[in-house]
Amino acid sequence: MTSLHLDPVTIEHHREPLGIGEAAPRLSWVARTAEAGWRQSAYELRVTDPDGVTAPFTTGRVVSADQVLVSWPAAPLGSRERREVAVRVWGPEGDGPSAWSEPTVVEAGLLDPGAWEAVMVGPRLPEPGTEGEPAALLRGSVAVPADIVRARLRATAHGIVTLHLNGSVVGEDVLTPGWTTYDRRLRYATYDVTDLVRAGENVVGAHLADGWYRGYLGFWGQRDVYGDRTGVLLQLEVDHADGTRTIVGTDETWRWALGPVTRADLYKGETHDARRELAGWDAPGFDASAWEAVDAIPCDLTRLVAPTGPAVRRTRIVHPVEILTTPSGATVVDLGQNLVGRMRLRFPDAPAGTVVGLRHAEVLEHGELGTRPLRAATQADEIVLDGRGPREWEPQFTIHGFRYVEVTGWPGTLAAEDLEAVVIHTDMRRTGTFACSDPLLDRLHENVVWSTRGNFVDVPTDCPQRDERLGWTGDLQVFAPTASFLFDTAGMLTGWLADLAADQAPDGNVPPYVPFMGTDPHMPPLGAEAGWGDAATLVPWTLYERSGDAGILAAQWPSMTAWVDAFAARAGERLDFSSGGFSFGDWLDASAPDDQPWKARVPWQLVSTAYLARSARVVASAAEVLGDDAAAARYADLAERTGARFRAEYLTASGRAAYPAQTAYALAIAFDLLLPEQREHAGALLAEQVAVDGFHIGSGFLGTPLVCDALADTGHGATAWGLLLQKACPSWLYPVSMGATTIWERWNSMLEDGSINPGGMTSFNHYAFGSVADFLHRRVAGLAPAAPGYRRIRVAPLPSRELDWAEASHETPYGTASVCWDRDGSAIALAVTVPPSTTAEIVLPDGSEPIEVAAGEHRFACVLPVEEAAGRPAEFVAD
Ligand code: RAM
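Here the structure is a predicted model, which means the values were calculated and not measured.

Engineer: Would you explain the overall build of the chain in this entry?
Structural biologist: For the chain, the helix and strand inventory stands at 15 helices and 47 strands. Relative to its length of 879 residues, the chain is compact, with a C-alpha radius of gyration of 28 Å against a globular reference of 29 Å. A total of 879 residues make up the chain; the buried ones form 63% of that total. Partitioning the contacts of the chain with sequence separation of at least 6, the portion at a separation of at least 24 is 74%.

Engineer: Looking at this structure, I do not really get the site of the ligand. What am I missing?
Structural biologist: Neighbouring the ligand are D462, R466, E468, W472, D475, W532, F584, W587, F701, E745, M761 and H766. Separating an oxygen atom of the ligand from a side-chain N or O atom of W532 is a distance of 3.0 Å. Within the side chain of E745, one N or O atom sits 2.6 Å away from an oxygen atom of the ligand. When grouped by side-chain class, the residues that make up the shell around the ligand number six nonpolar, one polar and five charged.

Engineer: Sorry, what's going on with the sheet that holds strand β12 (residues 136-144) here?
Structural biologist: Across a sheet, paired strands are connected by hydrogen bonds in the backbone, their directions being either parallel or antiparallel. With respect to topology, six strands assemble into an open sheet ordered β15-β14-β18-β12-β21-β24, the strand pairing being antiparallel. Each end of this open sheet is capped by a strand with a single partner; those strands are β15 (168-169) and β24 (292-293). Two strands pair when backbone bridges link them, and strand β14 (residues 160-165) and strand β18 (residues 200-209) are joined in this way by six bridges, in the antiparallel orientation. Bridge pairing links I160 to A209 in β18.

Engineer: How should I be thinking about the pairing of strand β20 (residues 245-249) in this particular structure?
Structural biologist: For a regular strand, side chains alternate in direction, first toward one face of the sheet and then toward the other. Note that strand β19 (residues 231-240) and β20 share five bridges and pair antiparallel. Looking across to β20, one finds that Q235 is bridged to G249. From the end of β19 to the start of β20, which pair antiparallel, there are four residues, and G243 there has a positive phi angle of about 90°.

Engineer: What is the right way to read the domain arrangement of the chain from this model?
Structural biologist: Many analyses report the size of an interface as the accessible area lost when the parts associate. Entries for the chain in the domain assignment read domain 1 (1-110), domain 2 (113-309), domain 3 (313-426), domain 4 (488-650) and domain 5 (792-876). Averaged C-alpha coordinates put domain 3 and domain 5 at centres separated by 45 Å.

Engineer: Please clarify how the environment of A306 should be interpreted in this entry.
Structural biologist: Mapped onto the secondary structure, A306 falls in the loop between β26 (304-305) and β27 (312-318). A C-alpha to C-alpha distance of 20 Å links A306 and R150, two positions 156 residues apart in sequence. Non-local contacts of A306, meaning those with residues more than four positions away in its chain, are made with G19, I20, G21, R187 and Y188.

Engineer: Is there a simple way to think about the layout of surface pockets in this case?
Structural biologist: Which parts of space are left empty comes out when a probe the size of a water molecule is rolled across the atoms. Taken as a whole, the largest pocket holds about 1200 Å³ of empty space. What lines the largest pocket is a set of 37 residues, among which E545, R614, A670, D774 and R778 lie closest to the centre. The element contributing the most residues to the lining of the largest pocket is helix α5 (residues 535-547), with six residues. Partitioned by chemical class, the residues of the lining of the largest pocket number 20 nonpolar, five polar and 12 charged.

Engineer: Looking at this structure, how should I read the packing of aromatic side chains?
Structural biologist: Any pair of aromatic rings gets described here by the distance separating the centres and the angle formed by the planes. With the rule as written, the count across this model stands at 33 aromatic pairs. For the ring pair F286 and W291, a centre distance of 5.7 Å and an interplane angle of 70° mean the geometry is edge-to-face. Of the residues examined, W291 reaches a relative accessible area of 7% and is grouped as buried. With centroids separated by 5.7 Å and ring planes inclined at 50°, the aromatic side chains of F456 and Y767 adopt a geometry described as tilted.

Engineer: What am I meant to see in the confidence of the model for the chain here?
Structural biologist: Predicted coordinates in areas of low pLDDT are best not read in detail. Per-chain confidence: the chain averages 96 in pLDDT, with 98% of residues scoring 70 or above. Contacts of residues 874-879 to residues separated by more than four positions or lying in other chains number 13 contacts, the stretch itself having pLDDT below 50.

Engineer: Quick question: what am I supposed to make of helix α9 (residues 662-670) here?
Structural biologist: Spacing of three or four residues puts side chains on the same side of an α-helix, whose turn is 3.6 residues. Among the nine residues that make up α9, eight are buried, leaving the element largely enclosed by the rest of the structure. Within α9, burial applies to Q662, T663, A664, Y665, A666, L667, A668 and I669. D672 sits one or two positions beyond α9 and adopts a positive phi of about 60°.

Engineer: Help me understand the sheet that holds strand β47 (residues 856-863) in this model?
Structural biologist: Overall, antiparallel pairing links the five strands, which are arranged β37-β42-β43-β44-β47 in an open sheet. With partners counted over all chains shown, the strands left at the sheet margins are β37 (432-436) and β47, one partner each. With direction set aside, neighbouring strand axes in the sheet form an average angle of 10°. Two strands pair when backbone bridges link them, and strand β44 (residues 827-834) and β47 are joined in this way by eight bridges, in the antiparallel orientation. Residue pairing across strands places I828 opposite C862, the latter belonging to β47.

Engineer: Sorry, what's going on with empty space enclosed by the protein here?
Structural biologist: For the structure on display, the rule yields eight cavities of 30 Å³ or more. Quantified by volume, the largest cavity comes out at close to 140 Å³. Classifying every residue of the lining of the largest cavity by side-chain character gives 11 nonpolar, two polar and one charged.

Engineer: Looking at this structure, I do not really get the side chain of N166. What am I missing?
Structural biologist: You can see N166 is positioned in the loop between β14 and β15. There is a polar contact of 2.7 Å between the side chain of N166 and the backbone nitrogen of V203. Look past the residues within four positions of N166 in its chain and what remains in contact with it is L196, V197, R198, E201, N202, V203, D282, A283 and P284.

What counts and what doesn't
- Residues numbered from 1 in each chain as written.
- Predicted model: local features only at pLDDT ≥ 70, side-chain atom pairs only at ≥ 80, totals over all residues.
- Heavy atoms only, no water.
- Helix = DSSP H or I, 4+ residues; strand = E, 2+ residues; numbered from the N terminus.
- Rg over C-alpha atoms; globule rule 2.2 N^0.38 Å.
- Buried < 20%, exposed > 50% of the residue type's maximum accessible area, 1.4 Å probe, protein only.
- Contact = heavy atoms within 4.5 Å.
- Near = heavy atom within 4 Å.
- Polar contact = N/O pair within 3.5 Å; in protein donor to acceptor, adjacent residues only side chain to side chain.
- Nonpolar A, V, L, I, M, F, W, Y, C, P; charged D, E, K, R; others polar.
- Pairing = 2+ DSSP bridges.
- Domains from an automatic or database assignment.
- 1 Å grid on protein atoms, 1.4 Å probe; cavity = no way out; pocket = protein on both sides within 12 Å on 5 of 7 lines; lining within 4 Å.
- Points joined across faces, edges and corners; volume = space filled by probe spheres on them.
- Phe/Tyr/Trp six-rings, centres within 6.5 Å; stacked < 30°, edge-to-face > 60°.
- pLDDT = per-residue confidence, 0-100.
- Axes fitted to C-alpha atoms, helices over the stretch in contact; angles between N-to-C directions.

Rendered as structure tokens:
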């Protein structure tokens, strides 16, 4: 087994398994080998104590093919306990063992609230203003005895905090501790601070701002959503060579003062007055006698949870492409990319009191900064310089969605080297790629990737710029498959699903966004919302399919069933939602008036019936996975009855939709609501409908993600291509042809004449309509999971005459899978990489019988059938 390499064992869905919340974390490993047909036949796990206190443990040779999320084999971890984990494996003929993997160190956090000795403390801030409150500096001085072996700093906050220790910033996370359903789940972070701590006096500092806890949140001007007092809870834990441990945390000896950040708000921006900086405030030797005593802040420690996924971090730098002077004479920096993060500036020497201002926007309108779509989120930063020479500055408690930055008050002439954008999001591992020969489709895909980055900032949000930025459940529901291909989302979304469950109403209803912050007084009363509430069932199912983690289904089971029960209750006895009311329905249908996004081509009851059937079916499948036969039967029956109701209410016997619209057919086909004899006809009618619609989008948030699949699955791939390649509005490529670098909320967020859509709800960074990328991955390139965790892969590419090649790759739980097709005339060459321990079903586009293959590199060739070879359908007018 010399050609086999084992990656280090991974722990649950953690990128860095330090301070984890699982006492018995599950283990996964990837074997890398080019050996054809390789699959694991057995493994051995070794769990050792790096400190040598506990005896080593090994499973011995376990005859098993399992290598994804394998149960923790040793004694459960206690709080702060560390282990080293390694694995070795045997191949298909029992050959082996391989060499051991490099060990992974896993360390538990505080698994019991009683392990916290700190108390939360907070400043007494001045009365709130309107553009954000000052951030506070808090400091505590602690004595640490000598012979330090290791040190950990654990922290959380009511607000957001930057941590300091002995003059250094701790870790690389930003916006700590992120946003959770704070009143039930408050996340804490753990940092290795062994290199920063020292024997003797240590100073721990916390720079604390309002963040989601106390700042502006939501679209009706709310603030203080979780409370009006910010606070920080942190604990320094130092292990000594003699086995003793020093634990010191925030307590009433801490002191606080206002510092240089005179205003900090996620939506509104930040002001930094450099003249107010307090050099050395976070290190020993600073005189804090004039600082005020902190107050103890009530904090229920039973809410504390460890992270399940990566933290929010700075992930890349984007440099300006141009510095413009607008018609009105303003200086505007163009970054060439709509992104989420903030600017970092490098100032020359300038007189004290020089004020430099930044305003951020996603687009220019008639050459000037287009800030109207931001509504109340002013996204304005400011620094007041202190005259003490050149310096660098980046705000730390705010985040903006922008491509353009207007700069005022710059001392001298602004040059591109003076500033750069810092991109910020949840630091998920990138797992998926797609590329093809069509530059516009490529750019569409790149726009989807950027909208994922911009909207996965701890919470999966609808948009990152205006006064909203909420975890709208429907948006993620449709986008989760795409996001989970592009990035390893399982850790982050497991946490978000726990928030969803925590936020569920006692009757099982799911709020329209999570974390939920109450009902907007301006919105019509919402009942169980089709497509939005279904995030409770469909997101766990997507994560199960993509990551192979059945534990997510087990954890979400009460939430999933409660949602379907609540949804069925709204449907009523007849399962037809006849009690009425309002629902988002097929939101933002291309034909809906700008100010009435719910006015779709199909009634919301149709959408609701289809979604109820789909969710009930998924819950029945989840019950099967979890071995609950009674629940499986109950929900399968609900799915059947709801499907029958859908057919009775919304279809003719032949499969023609009562409301002829792309969404009606797409839901029926994609959710498998048709009788076998209706399916072919419905597929043909969908293709006809798309042609009638001029190969334009004719659907909204819920229908759009399904249309291409419904066409391809009923043999109308060429029509799907017609939709995909359409450039006139509404279409996926219209924004691209208008220069978009992210996915827009509306098909026409920017009108053809360069003016911004007049609707009060217009975002240029909204991933929902980007969910078509899942089709690009699964069908255009042809790389889809056929069994949970891609243990089996389905390769069914859909080549087109319009493209010369397409390729996709995905880092599956078993290793890298890839598909690449090349077209030469009508001849298609296909190259497929099937990861070790998996199999694949290859469905060639020539309609021949599927081919089964095992792990390894495979090549196939075929000739396109006549329909595809003919290229676009006759009616297709792309330009
Ligand atoms: C708006 C946004 C969001 C959507 C809700 C219903 O706030 O378009 O994406 O989910 O409406």
